[in-house]
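One-letter residues, chain by chain:
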Amino acid sequence: MAAPVHTHTSTELLAKYDIPSPRYTSYPTVPFWDEKPLTQERWLLHVQQAFTKTNASAGISVYVHLPFCEQLCTYCGCNKRITKNHAVEEPYMQALLQEWEQYLAVFEEKPRIAELHLGGGTPTFFSAENLKTLLQKLLEKVEITEDAAFSVEVHPNNTNAEQLQVLFDLGFRRLSVGIQDFDPCVQFVINRIQTFEQTKYIFDVAREIGYTSINGDIIYGLPLQTAYATQLRR
Ligand code: SF4
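Residues numbered from 1 in each chain as written. Predicted model: local features only at pLDDT ≥ 70, side-chain atom pairs only at ≥ 80, totals over all residues.

**Notes on the overall build of the protein chain**
Here is step 1 of the chain: For the protein chain, the count of helices and strands is eight helices and seven strands.
Here is step 2 of the chain: For a compact globule of 234 residues, the expected C-alpha radius of gyration is about 17 Å, and the protein chain comes in at 19 Å, within 12% of that figure.
Here is step 3 of the chain: Across its three principal directions, the C-alpha atoms of the protein chain cover 65 × 45 × 45 Å.
Here is step 4 of the chain: Sorting the 234 residues of the protein chain into buried and exposed places 20% on the buried side.
Here is step 5 of the chain: Considering only contacts in the protein chain between residues 6 or more positions apart, those separated by 24 or more positions represent 82%. (Helix = DSSP H or I, 4+ residues; strand = E, 2+ residues; numbered from the N terminus. Rg over C-alpha atoms; globule rule 2.2 N^0.38 Å. Buried ≥ 20, exposed ≤ 12 C-beta atoms within 10 Å, placed from the backbone. Contact = placed C-beta atoms within 7 Å.)

Encoded structure:
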């Protein structure tokens, strides 16, 4: 079920992202920040309305949050849970699939997936086998649009070739690789030690497998970062 390559021109990309937006998506999402309590019924009704509006035309976008990380980066503002206990994968997958079934029950037609994004946390905290099981089940009862875009965020310290291959086979073509800073001193203070080689390895393997869009996340404004920091430490 490989998704074809999704290409944009620079102008299209600039137009797409030239909008004000929150740093992270909140739950409940901003339209629900009012006085009324957010009940399950109200949420599902909104999901159903949003679904009906776009499913038949553009298709829907699905974001799957995989919140586990093995180590805390000190700058992190994500909704995450730090653990080295991988036994958490299985029950979390069950909960996710249960939630997905709830949505399927309120959709009035077969979902058409135009975009699927895995974020976290560290999506590649999950084993290749679990990622495969989760996504196969999630995509079991859907259609995938012709130009669908599937993407995943990865942490080089928790990613291997097998995971990247499994995701590629399921249609993923875009990777977002967390780098933040290559400077070992900055990495030390943000508690995120990853070597240049580890990061390069992910880029090399992903290119070899056939990923067509590979992004590297860099953060500006971290402790010890100045224009001259690296030079001064020499
Ligand atoms: S890997 Fe990402 S989500 Fe996890 S602690 Fe670091 S910044 Fe936060």
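After presenting the structure, the write-up continues.
**Some points on the confidence of the model for the protein chain**
Here is step 1 of the chain: Here the protein chain averages 90 in pLDDT, and 91% of its residues register 70 or above.
Here is step 2 of the chain: Confidence drops under a pLDDT of 50 for residues 1-5, and excluding neighbours within four residues, the segment shows 15 contacts in the predicted structure. (pLDDT = per-residue confidence, 0-100.)

**Quick word on the site of the ligand**
Here is step 1 of the chain: Neighbouring the ligand are Cys69, Leu72, Cys73, Cys76, Cys78, Lys80, Gly120, Gly121, Thr122, His155 and Gly178.
Here is step 2 of the chain: Partitioning the shell around the ligand into residue classes produces five nonpolar, five polar and one charged. (Near = placed C-beta within 6 Å. Nonpolar A, V, L, I, M, F, W, Y, C, P; charged D, E, K, R; others polar.)

**With respect to helix 3 (residues 89-106)**
Here is step 1 of the chain: Helix length check: helix 3 (18 residues) gives 26 Å between terminal C-alpha atoms against 26 Å at 1.5 Å per residue, within 8%.
Here is step 2 of the chain: Little of helix 3 is tucked away: zero of the 18 residues are buried. (Expected span 1.5 Å × (residues − 1).)

**Re the nonpolar core**
Here is step 1 of the chain: With 27 residues, the main nonpolar core has Ile113, Ala148, Val152 and Leu167 as its most contacted residues.
Here is step 2 of the chain: Listing elements by their share of this core, those giving two or more residues are strand 1 (60-66), strand 2 (68-69), strand 4 (112-120), helix 4 (128-138), strand 5 (143-154), helix 5 (161-169) and helix 7 (196-209).
Here is step 3 of the chain: In terms of residue count, the dominant contributor to this core is strand 5 (six residues).
Here is step 4 of the chain: Contacts of Val152, omitting those with residues within four sequence positions, involve Leu118, Pro123, Leu167, Phe172 and Leu175. (Core = buried A, V, L, I, M, F, W, Y, C linked by C-beta atoms within 7 Å.)

**Points about the packing of helix 5 against helix 7**
Here is step 1 of the chain: Running from N to C, helix 5 and helix 7 point in directions that differ by 35°, and their axes come no closer than 10 Å. With respect to the hand of their crossing, helix 5 and helix 7 are arranged in right-handed fashion. For the pair formed by helix 5 and helix 7, the contact residues are Ala161, Leu164, Gln165 and Phe168 on the first element and Val205, Ala206 and Ile209 on the second.
Here is step 2 of the chain: By residue class, the composition of the contact of helix 5 with helix 7 is six nonpolar, one polar and no charged. (Axes fitted to C-alpha atoms, helices over the stretch in contact; angles between N-to-C directions. Left-handed = near helix turned anticlockwise from the far one by under 90°.)

**What to know about helix 7**
Here is step 1 of the chain: In a regular helix each residue adds 1.5 Å, so 14 residues correspond to 20 Å; helix 7 covers 20 Å between its end C-alpha atoms and thus fits that length.
Here is step 2 of the chain: Trailing helix 7 by a residue or two, Gly210 shows a phi angle of about 125°, which is positive.

**Looking at unusual backbone geometry**
Glycine aside, residues mostly have negative phi, and peptide bonds are mostly found in the trans state.
Here is step 1 of the chain: In this model, Gly120 is joined to Gly121 through a cis peptide bond whose omega is 20°.
Here is step 2 of the chain: Of note in this structure, Gln180 is not a glycine but carries a positive phi near 75°.
Here is step 3 of the chain: Here the phi dihedral of Asn191 falls at roughly 60°; this positive angle occurs in a residue that is not glycine.
Here is step 4 of the chain: For Asn191, the location among the structural elements is in the loop between helix 6 (184-189) and helix 7.
Here is step 5 of the chain: Residue classification places Asn191 among the exposed positions, given that 12 C-beta atoms sit within 10 Å.

**What about the pairing of strand 5?**
Here is step 1 of the chain: Looking at chain direction, strand 4 and strand 5 are connected through six bridges and run parallel. Paired with His117 across the two strands is Ser151, which belongs to strand 5.
Here is step 2 of the chain: You can see the chain leave strand 4, run along helix 4 and come back into strand 5, and the turn it takes is right-handed.
Here is step 3 of the chain: Summarising the sheet, strand 5 and strand 6 (residues 174-180) pair through four bridges and their orientation is parallel. Directly across from Val154, in strand 6, lies its bridge partner Val177. (Pairing = 2+ DSSP bridges. Right-handed = clockwise from strand over helix to strand, strands pointing away.)

**Some remarks on the packing of helix 3 against helix 4**
Here is step 1 of the chain: For the pair helix 3 and helix 4, interaxial distance at closest approach is 10 Å and the crossing angle is 10°. The angle between the axes of helix 3 and helix 4 places the two elements in the roughly parallel class. Only Asn130, Thr133, Leu134, Lys137 and Leu138 of helix 4 make contact with helix 3, whose side of the interface consists of Glu89, Met93, Leu96, Leu97 and Trp100.
Here is step 2 of the chain: Here the contact of helix 3 with helix 4 is composed, by residue class, of six nonpolar, two polar and two charged. (Parallel < 35°, antiparallel > 145°, perpendicular 65-115°, else oblique.)

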